[in-house]
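Here's the letter readout for the chains.
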Amino acid sequence: MADITEAPEWSALAEHQAALATRHLRDLFADDPGRVGRMTVTAGDLHLDYSKHRVTGETLGLLVALAERAGLRERIAAMFSGEHINVSEDRAVLHTALRLPPGEALTVDGQDVAGDVHAVLDKMAEFSGRVRSGEWTGFTGKPIRTVVNIGIGGSDLGPAMAYEALRDFADAGIACRFVSNIDPADIVGTLADLDPERTLFVISSKTFGTLETLTNAKVARQWLVERLGDDKAVSRHFVAVSTNAERVADFGIDTGNMFGFWDWVGGRYSFDGAIGLSLMIAIGGEAFREMLAGFREIDEHFRTAPFEANMPVLMGLLGVWYTDFFGAQTRAVLPYSQRLSRFPAYLQQLTMESNGKSVRADGAPVVAQTGEIFWGEPGTNGQHAFYQLLHQGTRLVPADFIGFAEPFADREGMHDLLTANLLAQTSALAFGKTAEEIAAEGAPAAVVPHKVMPGNRPTSTILVPRLTPKTLGELVALYEHIVFVEGTIWGIDSFDQWGVELGKVMAMDLAPALTSAEPPSEAPDPSTAALVRTYREWRRR
Ligand code: F6P
């Protein structure tokens with residue numbers, strides 16, 4: 001496999017960047033009155049304006065040529081058809097099958113993928129319906145009022161983000177809570193005010209071998225049994241979501257109350273399947289299926305739209321453009337919706353666990369920079385925190401602004417003020433304010449340089465009619481496919497996560513040294529040995 005940086009399309013982009021780097025967005029807009037119309041694209045309900053990017057029509061042509069050179073078209077087809085594109089784990093990558101429409105067949109490696117997906121969705125819908133209606137009761141006969149999802153990483157961030165996003169659609173009087181951290185403060189704080197008779201635990205773990213999840217689940221089980229006074233209560237208050245039935249049974253959960261998925265669903269791509277069970281209980285099976293329809297709409301767009309009008313392709317290519325040709329390190333994601341407060345955290349796992357790689361799929365080292373660092377906060381909070389650096393700092397931070405036309409509820413015109421802020425920020429970032437303009441406003445000469453707003457800071461603006469299950473599905477699918485586009489250009493395996501393993505193993509090796517009375521002998525390095533000693537001196541038992 002040739003390195004993409006050796007392709008003529010890569011050199012062409014490097015040369016083009018050198019010519020474009022000195023041009024300001026003010027000039028690009030002045031030179032091209034049709035720019036906004038041409039640099040607007042829609043996919044499903046999503047409307048993307050990418051005209052405030054440091055690109056011209058020529059840039060886009062060169063980026064699309066790079067995508068063709070990287071074989072993006074073939075790679076998309078390979079993913080959707082279930083080829084083993086996760087090479088280091090020799091697995092298909094089929095999260096798109098989680099939202100296959102009923103009636104559409106897909107068989108991969110001899111497995112009736114479509115049939116299995118719908119069987120699990122039906123089982124989830126049936127169970128959710130029973131919990132929501134009160135037909136499923138706790139051990140003492142009381143209906144469930146709180147669902148606690150215990151999981152971590154992809155088994156937490158997806159449902160936690162989506163529940164927060166869609167909490168206005170939680171219509172059965174059932175609230176969800178999410179416990180992930182091995183810090184005891186998480187589970188203890190979550191359980192503190194819960195009524196055990198009305199609490200259902202969903203233990204979510206693809207492997208059912210994750211330390212954090214199993215430890216928290218044991219604490220929850222102990223809490224429940226102590227309060228309800230009977231081991232038999234567990235079967236009414238614990239269900240599992242996993243690919244590993246044997247471990248679920250070992251833990252003591254009835255596998256009849258287990259909701260399955262498969263090794264071809266990556267954890268960070270899984271909340272539109274069984275990992276979304278807590279969400280489905282909150283919002284109902286119908287709303288969950290609307291969310292799947294949103295995912296599906298973007299899948300279809302990604303699979304079929306020409307690259308020039310393909311939203312995930314364009315946004316992925318823009319990520320490559322800034323990462324590899326402008327040296328940008330990070331991408332801010334700035335949702336102007338309080339309900340999307342967990343969206344940046346969710347995207348951090350989706351994007352960084354996927355594309356934080358320094359070898360290519362064939363094992364050779366990468367030459368290009370990979371893996372944008374995603375971060376963000378909902379607007380307008382971020383404006384009063386870190387936007388100063390976005391506007392006047394020395395670093396280039398491309399940003400995605402996400403806004404909604406309709407609020408779920410409005411007060412005093414607040415929603416329009418929220419949107420006005422979004423629009424003002426993207427305009428100020430792009431066009432800035434010159435020294436002449438500031439001087440003309442009467443600023444003292446010494447202050448003028450401090451007030452100059454350089455502009456030329458690139459942003460995407462994604463406008464969405466309203467935050468609903470369907471549009472949330474569309475937004476998530478958009479970013480899933482952006483990750484895919486970038487990973488394909490970089491030639492990496494976006495679907496493994498070996499880098500997380502070493503730290504887990506070392507933590508297990510270190511744990512005994514923290515608790516033993518013996519002097520620590522086996523610390524991995526002198527600094528860690530010294531920290532272990534200090535910790536042990538300070539630890540009061
Ligand atoms: O952090 C590594 C990881 O393997 C993630 O990829 C995964 O989402 C998370 O741990 C949780 O894993 P599991 O669902 O198997 O408990």
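Residues numbered from 1 in each chain as written. Predicted model: local features only at pLDDT ≥ 70, side-chain atom pairs only at ≥ 80, totals over all residues. Heavy atoms only, no water.

In the annotation of an unreviewed UniProt entry, the entry for the protein reads Glucose-6-phosphate isomerase, and the organism field reads Actinomadura rubrisoli. UniProt's Subcellular location (unreviewed entry) comment on the protein is quoted here verbatim: "Cytoplasm". (UniProt positions renumbered as here; feature names shortened; annotations may be inferred.)

Undergrad: Explanation requested: the sheet that holds strand β6 (residues 175-179) in the structure shown.
TA: The pairing of strands in a sheet comes from backbone hydrogen bonds and takes either a parallel or an antiparallel form. The sheet built from 5 strands is open, its strands ordered β6-β5-β7-β8-β9 with parallel pairing. Strands at the two margins of the open sheet, each flanked by one partner only, are β6 and β9 (258-260). Here the average twist between neighbouring strands, direction ignored, is 20 degrees. With 5 bridges joining them, strand β5 (residues 146-150) and strand β7 (residues 199-204) adopt parallel strand pairing. Paired with V148 across the strands is F201, a residue of β7. Packed on one face of the sheet, helix α6 (residues 113-133) meets β7, β8 (238-242) and β9 and runs near 150 degrees to β9. Packed on one face of the sheet, helix α8 (residues 184-191) meets β5, β6 and β7 and runs near 160 degrees to β6. (Pairing = 2+ DSSP bridges. Helix = DSSP H or I, 4+ residues; strand = E, 2+ residues; numbered from the N terminus. Axes fitted to C-alpha atoms, helices over the stretch in contact; angles between N-to-C directions. Contact = heavy atoms within 4.5 Å.)

Undergrad: Explain the site of the ligand to me, please; I cannot follow it from the model alone.
TA: In the vicinity of the ligand there are 14 residues, among which S155, S205, T207, T210 and E353 approach most closely. One of the backbone nitrogen or oxygen atoms of K206 is found 2.7 Å away from an oxygen atom of the ligand. Bound to the protein, the ligand loses 88% of the 400 Å² it would expose on its own. Tallied by class, residues from the shell around the ligand come to 2 nonpolar, 9 polar and 3 charged. (Near = heavy atom within 4 Å. Polar contact = N/O pair within 3.5 Å; in protein donor to acceptor, adjacent residues only side chain to side chain. Areas by Shrake-Rupley, 256 points an atom, 1.4 Å probe, with all protein chains shown as cover. Nonpolar A, V, L, I, M, F, W, Y, C, P; charged D, E, K, R; others polar.)

Undergrad: What should I look at first to understand the packing of aromatic side chains in this one?
TA: Pairs of aromatic rings are described using the distance from one ring centre to the other and the angle between the two planes. This structure, assessed with the given rule, holds 24 aromatic pairs. Between F127 and W136, the aromatic rings sit 4.9 Å apart at their centres with planes inclined by 75 degrees, giving edge-to-face as the arrangement. The interplanar angle of 65 degrees and the centroid separation of 5.9 Å between the aromatic rings of F271 and F295 together place this pair among those described as edge-to-face. With F271 in the loop between β9 and α12 (277-283) and F295 in helix α13 (residues 285-304), this pair connects stretches of sequence that are 24 residues apart. An identical accessibility class is assigned to F271 and F295; each is buried. One aromatic cluster in this structure is built from W10, W321, Y322, F325 and F326. When the ring centre of F29 is taken as reference, the NZ or CZ atom of R35 above it lies at 5.0 Å. Sitting over the ring of F307, R73 keeps its end group 4.2 Å from the ring centre. (Phe/Tyr/Trp six-rings, centres within 6.5 Å; stacked < 30°, edge-to-face > 60°. Buried < 20%, exposed > 50% of the residue type's maximum accessible area, 1.4 Å probe, protein only. Lys NZ or Arg CZ within 6 Å of the ring centre and 35° of its normal.)

Undergrad: Please clarify how unusual backbone geometry should be interpreted in this entry.
TA: Of note, the bond from G379 into T380 is cis; its omega dihedral lies within 30 degrees of zero at 5 degrees. Along the chain, T380 turns up in the loop between β11 (373-375) and α16 (387-392). One non-glycine residue, D109, adopts positive backbone phi at about 50 degrees. When you line up the elements, D109 lands in the loop between β3 (107-108) and β4 (111-112). Not every positive phi belongs to a glycine, and E412 is a case in point at roughly 55 degrees.

Undergrad: How should the nonpolar core be read in this particular structure?
TA: If you look at the biggest cluster of nonpolar residues, it comprises 126 residues, and the most contacted ones within it are W264, F271, W321, F343, I462, L472 and Y479. Ranked by residue count, the leading element in this core is helix α20 (residues 469-490), at 12 residues. Here this core gathers at least three residues from each of two domains, domain 1 (4-70 + 306-496) and domain 2 (98-288). Not counting residues within four places of it along the chain, the set of residues in contact with L472 comprises M161, A162, A165, L166, M291, L340 and L467. Ranked by size, the runner-up nonpolar core spans 24 residues in total, among them V179, A220, W223 and L224. (Core = buried A, V, L, I, M, F, W, Y, C linked by side-chain atoms within 4.5 Å. Domains from an automatic or database assignment.)

Undergrad: Before we go on, may I ask you to explain the sheet that holds strand β13 (residues 459-466) in this structure?
TA: Within the open sheet, the 6 strands sit side by side as β1-β2-β13-β12-β10-β11. Their pairing is mixed. Two strands in the sheet have a free side with no partner beyond their single neighbour: β1 (40-43) and β11. Going across the sheet, the axis of each strand differs from the next one's by a mean of 20 degrees, ignoring polarity. Sheet analysis places strand β12 (residues 399-406) next to β13, joined by 7 bridges and oriented parallel.

Undergrad: Which parts of the structure should I look at to understand the pattern of salt bridges?
TA: It is possible for side chains bearing opposite charge to pair when their charged atoms get close. Summed over the entire model, instances satisfying the criterion amount to 32 salt bridges. Note that D193 is salt-bridged to R177, the shortest N-O span being 2.8 Å. Here D193, found in the loop between α8 and β7, pairs with R177, found in strand β6; they are 16 residues apart in sequence, far enough to count as distant. Judged by relative accessible area, which is 58%, D193 ranks as exposed. For E300, the salt bridge is made with R303, and the minimal N-O distance between the two is 2.9 Å. Placement of the pair is E300 and R303 together in helix α13, with a separation of 3 residues, close to one helical turn. Residue classification places E300 among the partly exposed residues on the basis of a relative accessible area of 35%. Residue class for R303 comes out partly exposed when judged on its relative accessible area of 43%. Three or more residues are tied together by salt bridges with common partners; here these are D45, E297, K470 and E474. (Salt bridge = Lys/Arg side-chain N within 4 Å of Asp/Glu carboxyl O.)

Undergrad: Help me understand the pairing of β8, please; the structure alone is not making it clear to me.
TA: On any regular strand, side chains alternate: one points to one face of the sheet, the next to the other face. Counting buried positions along β8 gives 5 out of 5 residues, so the element sits mostly inside the fold. Going residue by residue along β8, you find F238, A240 and S242 tucked away on one face and V239 and V241 tucked away on the opposite face as well. Direction of pairing for β7 relative to β8: parallel, over a ladder of 4 bridges. Residue pairing for β8: I203 is matched across the bridge by A240.

Undergrad: How do you make sense of the environment of G82 when you look at a structure like this?
TA: Turning to its location among the elements, G82 is positioned in the loop between α5 (72-81) and β3. Put simply, G82 and L94 are 12 residues apart on the chain and 6.1 Å apart in space, counted from C-alpha to C-alpha. The residues touching G82, leaving out its near neighbours within four places in the chain, are A92, L94 and V108.

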